[in-house]
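Fold and contact review
For reference, the chains in residue letters:
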Amino acid sequence: MQSGRESRISLRSLGPWAVVLLSVLVVGHALALLWTSSIVWRSAHDVQRETAHVNTTNEIDRMLREHHRLESVWLATRENELEPIQSDLEASLRRAVAHARAGVHGETEARRWRRLDAEIKAYIRTAEDLAARHAPVEEAAQKSRQPLERALYMVGVLREQNEANRERSLANAEWALRIQKVVVIASGALLVVVFVVLVLCMHRFVLVPLLTLRSALERFRPGESGGEISGGPFVETRELAQRFNEMVELVIRQRRDQLTFLAAVAHDLRNPLSALKLTVSSLEREYGAAKPERFTRLDRQIDRLSRMVGDLLDATRIESGQLELKLKEVDVREAARSMVDLYAPTTTTHRVTLDVPDTPVIVRADALRLEQVVSNLLSNAIKYSPRGGLVAVSVRETPDEVVLSVSDQGAGIPPEEVSRLFDPFRRGLGTADLAPGAGLGLSIVRRIVDAHGGRIDVESKPYVGSTFRVRLPRR
Ligand code: ADP
């Protein structure tokens, strides 16, 4: 029954949301990675540029001092080969300044580079002027010193600024790296957590209900309810579980109806069969010793029919939960012995043996039902070993249980059929042709054994034989 307060969350509607959530997280993670990477890259680029500027200022400083030294040497010696070297130095100075100015950021720095450019030009002009006038060395040294120092001062100012810039860029790069680490770890962790939560939710609310449904299907036996399954919070799995519960209910109802019908048929068959049996008996009495052979055959067939109808009635009672046990202390040896005594004379091709302990083997059981168990197993052992052979009944005790075995050397049962043979109306494919039957005996045996708190198992090999073992708990 579906309550009005049940959640209406469906996998169909939740699926796209989960995909959207995961996509947003993945894209967010990628964007965070991209953003922090671009900061790191920009900072690294700044560090590189500032380092290049520091190097340029050092180089300009060196070239200015070299130029001044050459100038002094030239004025003192007038050596012609110094002139091209000086010209090269001047060209290099101009190139270095022009190159540095092209990559400058910010107005203050640009103004300073302009100023340095102007100071260098002023120095070179002064130097050229002094050279043209062939000024004496002392005068030249004195006059060119002032512009040179102004240019060197500007170089120093720029170097300091570039070094400060470089430190700042380095700090920025470190900060960006830290931020990148934090952002990437945080967004990655969030992604993993959401993913794990989604997987756990899928496991808890989808997989577990489906596995429960699967094991309920595997456990399902006609006639056993096995309890309702819930199906979890999702509409789809809940509907699936609901269909399954409805199906189980339907099968149980149909089965109950079938059993009621079968019980009625079996019950109604008993009266005409009893009448038939009485008639045959009175005819046999009438004919006395001269009774025709076909009367005996008729009598045997009526007995068989009665047994089958009895089985059918038993099965319907047991299957519909009407198995009432009259429990008392019973010696299992007696149940085994009385059935061996009953069946041994019915066959000439089998050797029926009984192996029991010398002392009583007591269990709490319904004596008639226990005999019914032995009877069904023993009659099967004889029925399904048409070529005869040994049929061995034994009883033995272990510390916890009493084991009653019935073995034969008959047709055996293929392994794939074994587990289903205890279901009602189930007959073995290979052995069904060997003897008539309704496929009820073993199901009755299993129900009786279950009701006594015991269990039954079978060991069998086709064409070799079978051993059925009933294990009953000791008192
Ligand atoms: P039935 O004998 O009326 O068919 P049972 O429930 O007693 O019904 O047995 C079910 C099936 O199990 C049989 O049809 C037969 O195929 C198989 N079977 C039972 N006992 C034996 C046995 N001792 N050896 C071989 N097959 C057996």
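Below is a summary of the structure that appears in this document. Quick caveat, the model's predicted, so the values are computed rather than measured. (Residues numbered from 1 in each chain as written. Predicted model: local features only at pLDDT ≥ 70, side-chain atom pairs only at ≥ 80, totals over all residues. Heavy atoms only, no water.)

Here the focus is the overall build of the protein chain. Across its full length, the protein chain holds ten helices and seven strands. Relative to a compact globule of 475 residues, whose C-alpha radius of gyration would be 23 Å, the protein chain shows 54 Å and is clearly more extended. Per-residue burial for the protein chain yields a buried fraction of 38% across its 475 residues. The long-range fraction of contacts in the protein chain, counting pairs at least 24 apart against all pairs at least 6 apart in sequence, stands at 72%. When the accessible surface of the protein chain is split by element, carbon and sulfur atoms take 57% of a total near 28,100 Å². (Helix = DSSP H or I, 4+ residues; strand = E, 2+ residues; numbered from the N terminus. Rg over C-alpha atoms; globule rule 2.2 N^0.38 Å. Buried < 20%, exposed > 50% of the residue type's maximum accessible area, 1.4 Å probe, protein only. Contact = heavy atoms within 4.5 Å. Areas by Shrake-Rupley, 256 points an atom, 1.4 Å probe, with all protein chains shown as cover.)

This paragraph deals with unusual backbone geometry. A negative phi angle characterises most non-glycine residues, just as the trans form characterises most peptide bonds. Although it is not a glycine, Phe425 adopts a positive phi angle of roughly 65°. Following the sequence through the fold, Phe425 ends up in the loop between helix H9 (415-418) and helix H10 (441-451). Assessed through its relative accessible area of 43%, Phe425 is described here as partly exposed.

Our focus in this paragraph is the site of the ligand. Near the ligand lie 20 residues; those nearest to it are Asn380, Tyr384, Arg427, Thr431 and Leu442. Interatomic distance of 3.0 Å between a backbone N/O atom of Gly439 and an oxygen atom of the ligand. The backbone of Gly441 places a nitrogen or oxygen atom 3.2 Å from an oxygen atom of the ligand. Protein chains bury 97% of the 520 Å² of accessible surface belonging to the ligand in isolation. For the shell around the ligand, the secondary structure elements donating two or more residues are helix H8 (367-383), H10 and strand E7 (465-473). The element that contributes the greatest number of residues to the shell around the ligand is H8, accounting for three residues. (Near = heavy atom within 4 Å. Polar contact = N/O pair within 3.5 Å; in protein donor to acceptor, adjacent residues only side chain to side chain.)

Our focus in this paragraph is a nonpolar patch on the surface. Where nonpolar side chains cluster on the molecular surface, the patch consists of Val192, Phe195, Val196, Val199 and Leu200 and spans about 450 Å² of accessible area. Its place among the elements puts Phe195 in helix H4 (residues 137-219). (Patch = residues over 30% accessible without salt bridge, like charges linked within 9 Å, V, L, I, M, F, W, Y side chains within 5 Å. Salt bridge = Lys/Arg side-chain N within 4 Å of Asp/Glu carboxyl O.)

This brings us to the packing of aromatic side chains. By the definition in use, this model includes three aromatic pairs. Geometrically, the ring pair formed by Tyr287 and Phe295 is edge-to-face, given 5.3 Å between the ring centres and 80° between the ring planes. Taking 6.4 Å as the distance between ring centres and 70° as the angle between the ring planes, the aromatic pair formed by Phe422 and Phe468 counts as edge-to-face. Highlighted residues: Phe422 in the loop between H9 and H10 and Phe468 in strand E7, separated in sequence by 46 residues. You'll find Phe422 and Phe468 in the same group, each marked buried. (Phe/Tyr/Trp six-rings, centres within 6.5 Å; stacked < 30°, edge-to-face > 60°.)

Here the focus is the side chain of His350. Relative to the assigned elements, His350 resides in strand E2 (residues 350-355). Here Thr347 takes part through its side chain, which lies 2.7 Å from a polar atom of the side chain of His350. From its side chain, His350 meets the backbone oxygen of Ser385 in a polar contact 2.7 Å long.

Once that is clear, we can look at the nonpolar core. One broad rule of soluble globular proteins: the nonpolar side chains tend to lie buried together. Membership of the largest hydrophobic core comes to 50 residues, with the highest contact counts inside it found for Val332, Leu377, Leu378, Val395, Leu404, Phe468 and Val470. Element by element, the count of residues in this core is highest for H8, at seven residues. Taken domain by domain, this core gets at least three of its residues from each of domain 2 (235-319) and domain 3 (328-473). When neighbours within four sequence positions are excluded, Leu377 is seen to be in contact with Val406, Leu442, Val445, Ile456, Phe468 and Val470. The next biggest cluster of nonpolar side chains, apart from the first, holds 29 residues, and it includes Leu70, Leu75, Leu82 and Ala140. (Core = buried A, V, L, I, M, F, W, Y, C linked by side-chain atoms within 4.5 Å. Domains from an automatic or database assignment.)

A few words on the packing of helix H1 (residues 11-77) against helix H2 (residues 82-102). Remark: H1 packs on H2, axes separated minimally by 10 Å, with the N-to-C direction vectors making an angle of 155°. Here H1 lies roughly antiparallel to H2, going by the angle between them. Considering only the axes of H1 and H2, their crossing is left-handed. For the pair H1 and H2, the contacting residues are His53, Thr56, Ile60, Met63, Leu64, Glu66, His67, Leu70, Glu71, Val73, Trp74 and Thr77 in the first and Leu82, Glu83, Ile85, Gln86, Leu89, Glu90, Ser92, Leu93, Ala96, Val97 and Ala100 in the second. Residues belonging to the contact of H1 with H2 are distributed by class as follows: 13 nonpolar, six polar and four charged. (Axes fitted to C-alpha atoms, helices over the stretch in contact; angles between N-to-C directions. Parallel < 35°, antiparallel > 145°, perpendicular 65-115°, else oblique. Left-handed = near helix turned anticlockwise from the far one by under 90°. Nonpolar A, V, L, I, M, F, W, Y, C, P; charged D, E, K, R; others polar.)

Everything listed here is a matter of coordinates, which is why it stays silent on function.
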